[in-house]
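# A structural walkthrough
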Amino acid sequence: MPVWAQAGLWGLLAGGALVLGALVAWFVRVPRHLVAGIMAFGAGVLISALSFDLVDEAERIGGLWPTVGGFLGGAAVYVVANVALARRGARHRKRSGEQQPSEQEQGGSGTAIAVGALLDGVPESVVLGLSLLGGGGIGVPVLAAIFISNVPEGLSSSAGMKANGRSARYVFGVWTAIAVASGLAGMLGVLLLDGAPGSLIAVITAVAAGAILAMVADTMIPEAFERTHLYAGLIATLGFVTAFAISRA
C-alpha cells in the first residue's frame, strides 16, 4: 500500500476516536468529574508524546533553532486562530457542561465549534503522516497518544453539545467530518512532503507540536481542572507516564 494511503488510513483511525467518544457521550450519561479525569489523562498523554517523540525527533533531524522557531510559530498560529474562533462561540468547545452557547444564544457558534474541532485535529494528523516518511512505519507512541486523547476530547465536547441542544445529526456530522479531514490531512502531509529535506520535515513537525501543546493548554486542561481540581495534576501525570512507557516498550 502506498505510504500516502497508509497515512490517510491512520489519520482516519485516529480521528475515528473522536466519533467513539461522541457515541459514548450521546448514549451513556458519563459523570462530569469522570469526563474531566479522562481529559486530564489525555492531556498528559499528549504532553508526553510531544516531549519524547515529536520535539525530540524534530531537534535531532533539523537542529535546535529550527525546532524552537517552528514550535513557537505553531503555538502562535494556533492561539491566533483559537482567539478568533472563541469570539464566535467556540471558546468552550471541549467543555462537557452548559458553557457552550446554543445557536439561539450566539448565531454561528455551531460553525465556529466545528471549525475549532478541525483546528484541534489537523496538526495531530499531519504529525501521524510525517512519522511514516522515515520508512520505519507508523509512529506507534504518537498514534496511541492521539487516539487515547481523542476519545475524551470527543466525549467531553459532545456532552457539551448535547447539553446545549445540538442535534445528533450535528454532533455526529461534525465528528465524522473531522475524522475524514484527519485522514485527508495525514495523506496530504505525505504527498506534499515526500522527498522533502529532513530540515523542512523537522520544522513542520515542530510547528504541529507547538499547535498541539497550545491546544492542550487552552482547551483540554481547563475542562480537566474544572471538575478534578487538585487531582488533575496527578491524573495528567499518569497519562504522561503511560505514554512514556508505550514509547519505550
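Residues numbered from 1 in each chain as written. Predicted model: local features only at pLDDT ≥ 70, side-chain atom pairs only at ≥ 80, totals over all residues. Heavy atoms only, no water.

### Concerning the UniProt feature "transmembrane region" (unreviewed entry) in the protein chain
Which entries qualify depends on this criterion: UniProt positions are given in the numbering used here, feature names are shortened, and annotations may be inferred rather than shown by experiment. In DSSP terms, a helix is any run of H or I states spanning at least four residues, a strand is any run of E spanning at least two, and both are numbered starting from the N terminus.
Mapped onto the present numbering, the UniProt feature "transmembrane region" (unreviewed entry) falls on residues 6-27, 34-52, 64-85, 126-148, 168-193, 200-217 and 229-246. In residues 168-193, helix accounts for 100% and strand for 0%; the two terminal C-alpha atoms are 37 Å from one another.

### Here's the deal with the packing of aromatic side chains
Selection rule: For this analysis, a ring pair means two rings from Phe, Tyr or Trp (six-membered ring only for Trp) whose centres lie within 6.5 Å, classed as stacked if their planes differ by under 30 degrees, edge-to-face if by over 60, and tilted for the remaining angles. The classification of residues rests on relative accessible area computed with a 1.4 Å probe and restricted to protein chains. Under 20% of the type maximum is buried, over 50% is exposed, and intermediate values are partly exposed. Here, a charge over a ring means that NZ of Lys or CZ of Arg falls within 6 Å of the ring centre while also lying within 35 degrees of the ring normal.
What the rule picks out here adds up to 3 aromatic pairs. A ring pair is formed by Phe52 and Phe240, whose centres lie 5.6 Å apart and whose planes are at 70°; its orientation type is edge-to-face. Of this pair, Phe52 sits in helix α2 (residues 32-62) while Phe240 is found in helix α8 (residues 232-248), placing the two residues 188 residues apart along the sequence. What makes Phe52 partly exposed here is its relative accessible area of 28%. Among the aromatic residues, those joined into a ring-pair cluster are Phe52, Phe240 and Phe244. In this structure, Lys162 is placed above the aromatic ring of Trp26, and the distance from its NZ or CZ to the ring centre is 5.1 Å.

### Quick word on α2
Defined as follows: The span you would expect from a helix comes to 1.5 Å times its residue count less one. Note on bend: the value at a residue is the angle between axes fitted to the seven residues ending there and to the seven starting there.
With 31 residues, α2 should cover 45 Å at 1.5 Å per step; its first-to-last C-alpha distance of 42 Å lies within 8% of that length. Along α2, the sharpest change in direction is near 40° and occurs at Leu50.

### Some points on the nonpolar core
Quick note on the threshold: Here, nonpolar core refers to any group of buried Ala, Val, Leu, Ile, Met, Phe, Trp, Tyr and Cys residues whose side-chain atoms link them within 4.5 Å. When checking whether two residues touch, look at their non-hydrogen atoms; a contact exists if any pair is within 4.5 Å.
Ranked by internal contacts, the top residues of the largest apolar core, which has 26 residues, are Leu46, Leu54, Ile212, Met215, Val216 and Met220. The set of elements that each furnish at least two residues to this core consists of α2, α4 (109-131), α5 (140-163) and α7 (198-228). Looking at this core, the element that brings in the most residues is α7, giving 9 residues. Sequence-distant contacts of Ile212, that is, excluding residues within four places in its chain, are made with Leu46, Leu50, Leu54, Pro123, Glu124 and Val127. Leu18, Trp26, Tyr170 and Val174 belong to the second-largest nonpolar core, a separate cluster that totals 13 residues.

### Topic: the side chain of Ser125
Inspection of the secondary structure assignment puts Ser125 in helix α4. Relative accessible area serves as the criterion here: at 3%, Ser125 is assigned to the buried category. If we skip the residues at most four places from it in the chain, Ser125 touches Ser182, Ala185 and Gly186.

### Let's talk about α8
The condition is simple: Comment: arc refers to directions from the helix axis out to C-beta atoms.
With 17 residues, α8 extends 24 Å between its outermost C-alpha atoms, agreeing within 8% with the 24 Å of an ideal straight helix rising 1.5 Å per residue. Buried within α8 are the following residues: Ala232, Gly239, Ala243 and Ser247. Seen from one end, α8 has its buried residues packed into an arc of 75°, which puts them on one side.

### Details of a nonpolar patch on the surface
Applicable threshold: Distance thresholds for patches are 9 Å for like charges and 5 Å for nonpolar side chains (Val, Leu, Ile, Met, Phe, Trp, Tyr), applied to residues having over 30% relative accessible area and no salt bridge. Using the Shrake-Rupley algorithm and a 1.4 Å probe, accessible areas are obtained, with residue cover drawn only from the displayed protein chains. The salt bridge definition used is simple: a Lys or Arg side-chain nitrogen within 4 Å of an Asp or Glu carboxyl oxygen.
On the surface, Met1, Trp4, Leu9, Leu12, Val180, Leu184, Leu188, Leu191 and Leu192 cluster together to form a nonpolar patch covering roughly 910 Å² of accessible area. Relative to the elements of secondary structure, Leu191 occurs in helix α6 (residues 168-193). Given a relative accessible area of 46%, Leu191 falls into the partly exposed group.

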